[in-house]
Amino acid sequence: GRRQEAYRRNQDIGFDPKSLGAVLLSHAHIDHSGALPVLPGQGFSGKVYLTRASADLAGIMLEDSARVQEYDCRYVNKQERRRGKTCVQPIYDADDVRKIVKRFEGTRYGDQVKIAPRLTASFHDAGHILGSAAVRVKYTARGNTTTVLFSGDLGRSHMPILRDPEPPPACDVLILESTYGDRLHEQAGEEMKRKAQDLIEHARTHKSKLIVPAFAVGRTQELVMRIKELVGEGRVEPIPIYIDSPLAGKATEVFKRHPECYDEETMKTFSSGGDVFASRYIHFVSSPEESKRLNAMRGPCVIISSSGMCEGGRIIHHLKHAIQDEANVIVFVGFQAEHTLGRKLVEGWDVVPIFGIPTKRRAQIVKFNGLSAHADRNDLLAYVRAINPLPSKVFVVHGEEKQALSLGAAIQAEHPKIDVRVPHPASTHEL
Ligand SMILES: [Zn+2]
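Predicted, not measured: the structure shown is a model, and the values here were computed from it.

Caption draft 1: Spotlight on the domain arrangement of the protein chain. The assigned domain composition of the protein chain is domain 1 (1-107), domain 2 (114-183 + 373-431) and domain 3 (190-367). Using only C-alpha atoms to locate each centre, domain 1 and domain 2 end up separated by 26 Å. On the side of domain 2, 16 residues touch domain 1, which itself brings 16 residues to the contact. Three residues, Leu 24, Ser 26 and His 27, lead the burial of domain 1 against domain 2; their summed loss comes to 36% of the area buried on that side. The tally of links between domain 1 and domain 2 comes to zero salt bridges. Where domain 1 meets domain 2, there are nine residue pairs in polar contact (both at pLDDT 80 or more). If you list the elements that add at least two residues to the side of domain 1 that touches domain 2, you get strand S1 (22-24), helix H2 (30-33), strand S2 (47-51) and helix H3 (52-82).

Okay, structure coming up:
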C-alpha cells in the first residue's frame, strides 16, 4: 500500500515531460535534482541547464541515488518473495542516470544562456553548496521583457570554502525559498570552535572515537576545512580523521576541480599549490575492508561517515562498534528528521535499534546547531530588501507550510506594495 503509493508519486512528476522544453537546475541536492533521471523515459528531449560544478556534483549524486535504490530494492524483494508478495522496482537505474547526464549543459556563473527564442537564463552564486545558483530568466515578447528570479536554496555568509551568496540581480518576479522562513540560526562562531576543541581533547585524553554522521556532499568537506582551521590556528594538536564514505571521496574530487566556486581564503591555499582538502592526518577511506578495520581500531580519532541521519550506509557499522563505550562521542552536525536513528540519538534514547537489534547506548551525544547551509529568516528578508528596484510579485515556495506562511506575512508587512503569494503545490500562476 504505502510503498506502492510512494513509488507512484515518485514516478508521476505532475506534468507531461514531453511538453517540457528545458530544465533549469539551481543546485545538485537530491530534493532538487532527484527526479531528473525519470524524465528521458517519459519523453523529455530537451537540455538541463546548470552550473558546471552542479553538473559534476549532480552526476555523482544521481549515480549514488540509483545505486542505493537498486541495493534497497534487492534487499526488500528478497524478503517480500519469501512472503510471496509482489516486487518493488527502483524509480530509476544507472542507465537512466547516464541518459539525463548526457543532456547536462554546464554553464558559467553570470553568462547569459539562450534557452529558447526570446528566452535567456543566467546563474548567480547562491552560496548554498558547491555550484549552487539563483537562476534569472528573461523573457521578451512584443518589446516587453519580464524577468523572473528563482532563488533556489540560498546559503549563508562566512561559510567555509564557498563564496557568500551574490546579491540578487534585479527582477520583476521573485520565487523565493522558505526552508527557514520562520527560524533563526545560532551563529557558528567562537563558542562552536571551543566546543570542537574540547571534543578533540576529550578523544585524545581517553583514546576514544568521535563518530560524526554527516552528509557526504558539502557538510563533510566543510567539517574537514573547519578542523584544518582549528589545527592551523594552533588550537588543537591533530588526531587522525577518517572520511569513510565513497561518495564523500568522489565529491571531494569534484570540489577540487571547481576553484571558480571558492571564497578568497580557499583560493589562497589553492593558488599556492596546496591541496585544499588534504593533510597528513586526513585519510579518505574507500574499500569496505579499510572501513571494517576502523571498527577494531583504538582512538583517538574522528570518523566522519554517512548517511547524515544514520538511516543507512557505513555510519551504522561505526555506531554499532562505538556506541557501547562511554568514552566515545557521537557528534551531530546536521538536521535529524523525525523517525530516523539520528533523531532518536539526538533525543537521548538509552536503547536504540541498530540493524534491528535493540542496543544500549553508553556513548555521549553532542550536537552542533550552528552549521546550517541555509539562509535563515533574517537572511531571506534581507535578500528581498536587496533587490533594486523591488519586484512587483514574490512567490514563497519550498518550505513547510508554517515556514512559508510566516515568511510571506513578514515580506508583505515590510513591503505593502509587493504582491506576495504562498502558492499551493502544482497550482498555476500567470506572470
Ligand atoms: Zn539544497
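Caption draft 2: Summary view of the coordination of the zinc ion. In the first shell of the zinc ion, the protein supplies His 27 (NE2), His 29 (ND1), His 128 (NE2) and Asp 153 (OD), at 2.2 to 2.3 Å from the metal. Taken together, the four donor atoms coordinating the zinc ion span angles of 90 to 167° at the metal, a pattern that classifies the geometry as irregular. One chain supplies every donor to the zinc ion, and in sequence these donors are spaced H-x1-H-x98-H-x24-D. One end of the pair, His 29, is in the loop between S1 and H2; the other, His 128, is in the loop between strand S5 (119-125) and strand S6 (133-141), with 99 residues separating them in the sequence. On the basis of relative accessible area, His 128 is assigned to the buried category, the value being 2%.

Caption draft 3: Molecular detail of the pairing of S2. For S2, the buried fraction is high: four of the five residues fall into the buried class. The pairing of S1 with S2 spans three bridges and is classified as parallel. Looking at the pairing, Ala 22 lines up with Lys 47 of S2. Relative to strand S3 (residues 104-107), S2 runs parallel, the two sharing four bridges. Bridge pairing in S3 places Tyr 49 opposite Glu 105.

Caption draft 4: A look at the sheet that holds S5. Read from one edge of the open sheet, seven strands run S4-S5-S6-S7-S8-S17-S18, paired in mixed fashion. At either margin of the open sheet sits one strand with a lone partner, and together these are strand S4 (113-116) and strand S18 (419-421). Put simply, the sheet's adjacent strands are angled 20° from each other on average, direction ignored. Sheet topology note: the strand S8 (residues 173-177)/strand S17 (residues 393-397) ladder contains five bridges and is parallel. Bridge pairing in S17 places Leu 174 opposite Val 394. Helix H12 (residues 377-385) contacts S6, strand S7 (144-150) and S8 of the sheet and is inclined by roughly 170° relative to S8.

Conventions we followed
Residues numbered from 1 in each chain as written. Predicted model: local features only at pLDDT ≥ 70, side-chain atom pairs only at ≥ 80, totals over all residues. Heavy atoms only, no water. Domains from an automatic or database assignment. Contact = heavy atoms within 4.5 Å. Buried area = accessible area lost by both parts, 1.4 Å probe. Salt bridge = Lys/Arg side-chain N within 4 Å of Asp/Glu carboxyl O. Polar contact = N/O pair within 3.5 Å; in protein donor to acceptor, adjacent residues only side chain to side chain. Helix = DSSP H or I, 4+ residues; strand = E, 2+ residues; numbered from the N terminus. Donors = N, O, S within 2.8 Å, 3.2 Å for Na, K, Ca; no water. Tetrahedral: all angles 85-135°; square planar, octahedral: opposite > 155°, others 65-115°. Buried < 20%, exposed > 50% of the residue type's maximum accessible area, 1.4 Å probe, protein only. Pairing = 2+ DSSP bridges. Axes fitted to C-alpha atoms, helices over the stretch in contact; angles between N-to-C directions.

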